[in-house]
Amino acid sequence: MFSKAFAVAALALTFTAQAYAHATVSPVLGVNGAPKRSDAQRIRGAPCGNTNVAANIDKAASVNAAADGSFTVTATNFNRGRDGSRQFTMSVDANGSGKFVAGKVTKNGVLAPTSNASEQITAVLPAGTKCTAGAGKNACVVSFKSAGNFGNCVIVKQGGAARRDEAIAAGTRAARAARRAEEVEAAVEVEDDLEDDLEEDDHEEDDFEDDHEEGDAEVIVKRSNILSWIWA
Ligand SMILES: *[C@@H]1O[C@H](CO)[C@@H](O)[C@H](O)[C@H]1NC(C)=O
Ligand SMILES: *[C@@H]1O[C@H](CO)[C@@H](O)[C@H](O)[C@H]1NC(C)=O
């Protein structure tokens, strides 16, 4: 009796859901490959719907956040009108605790599409977000909810682009330091070479007593030029 009532209620729920909007944001957590209409779920309360986040987070396809926290995903609708809205709000669980904080969709989709289609939308993690969920400790669980109350979660990773950008910045600093060290070394070598030249000049001066005063003056000028060039 109870199970029959439950089955009827479940059927009614399913029917209600299908009468509403159907839209997804890819890569859909818990779905392999391109989402179908039947993969769309209503987001009510649970930000990832009925998807088991822990069971899927490490095998899910993911997108990489850029150094500024932005990332692009694909919104797809399976119904027309506002109910098939490709306009989403977004929230982020950075550590897999199930606590979501609001993020921003910076380039949103069509509010009330006239046909089924896909379009790219761009969102940005809240400033200072450090994604620490998943086995790699670099994943954020990002929930998308459409204006028609459909949606799902997407795994966004800090790594890839974000880490590469950090590495480039660090590399530039390292490169600059190395370049500075090389420059100093080269300058010291040049100084040694020029000092040798000056010593030769000194010996030449000894040989040419007539040019003695003129030679000394020349050496002093050369030395001061070298020093001001090296320490400039
Ligand atoms: C996870 O993130 C939430 C939201 O930012 C925060 O309130 C909570 O303390 C964090 N939990 C851990 C274990 O870091
Ligand atoms: C959208 O796709 C669904 C099946 O996924 C179909 O039932 C519906 O008729 C399509 N709507 C439009 C406007 O093409």
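Residues numbered from 1 in each chain as written. Chains lettered and ligands numbered in written order. Predicted model: local features only at pLDDT ≥ 70, side-chain atom pairs only at ≥ 80, totals over all residues.

A. Region of interest: the nonpolar core. Counting 33 residues, the largest nonpolar core has Leu29, Cys140, Val141, Val142, Val154, Ile155 and Val156 as its most contacted members. For this core, the secondary-structure elements that each account for two or more residues are strand 1 (23-26), strand 4 (70-77), strand 5 (88-93), strand 8 (118-124), strand 9 (139-146) and strand 10 (150-157). (Core = buried A, V, L, I, M, F, W, Y, C linked by C-beta atoms within 7 Å. Buried ≥ 20, exposed ≤ 12 C-beta atoms within 10 Å, placed from the backbone. Helix = DSSP H or I, 4+ residues; strand = E, 2+ residues; numbered from the N terminus.)

B. Geometry of unusual backbone geometry. Of note, the amide linkage connecting Ser26 to Pro27 takes the cis form, showing an omega dihedral of 0 degrees. Tracing the backbone through its elements, the reader meets Pro27 in the loop between strand 1 and strand 2 (41-42). For Lys137, which is not glycine, the phi torsion reads 55 degrees and is therefore positive. Its location among the elements puts Lys137 in the loop between strand 8 and strand 9.

C. Examining the site of ligand 2 more closely. Taken together, Arg37, Phe78, Arg80, Ser115 and Asn116 make up the full set of residues near ligand 2. Class assignment of the residues belonging to the shell around ligand 2 gives a composition of one nonpolar, two polar and two charged. (Near = placed C-beta within 6 Å. Nonpolar A, V, L, I, M, F, W, Y, C, P; charged D, E, K, R; others polar.)

D. Spatial organisation of the environment of Lys157. You can see Lys157 is positioned in strand 10. Along the primary structure Lys157 and Ala65 are separated by 92 residues, whereas in three dimensions their C-alpha atoms are 5.9 Å apart. In contact with Lys157, not counting residues within four places along its chain, are Ser62, Asn64, Ala65, Cys131, Asn138 and Ala139. (Contact = placed C-beta atoms within 7 Å.)

E. Expanded view of the site of ligand 1. Taken together, the neighbourhood of ligand 1 is formed by Ala94, Asn95, Ser97, Lys99 and Val101. Classifying every residue of the shell around ligand 1 gives two nonpolar, two polar and one charged.

F. The arrangement of the confidence of the model for the protein chain in detail. Summarising the model, the protein chain shows a mean pLDDT of 77, and 59% of its residues fall at 70 or more. Per-residue pLDDT stays below 50 along residues 1-19; that stretch engages in one contact with residues further than four places along the chain or on separate chains. This stretch, residues 204-224, has a pLDDT under 50; its non-local contacts, to residues over four places away or in other chains, come to ten contacts. (pLDDT = per-residue confidence, 0-100.)

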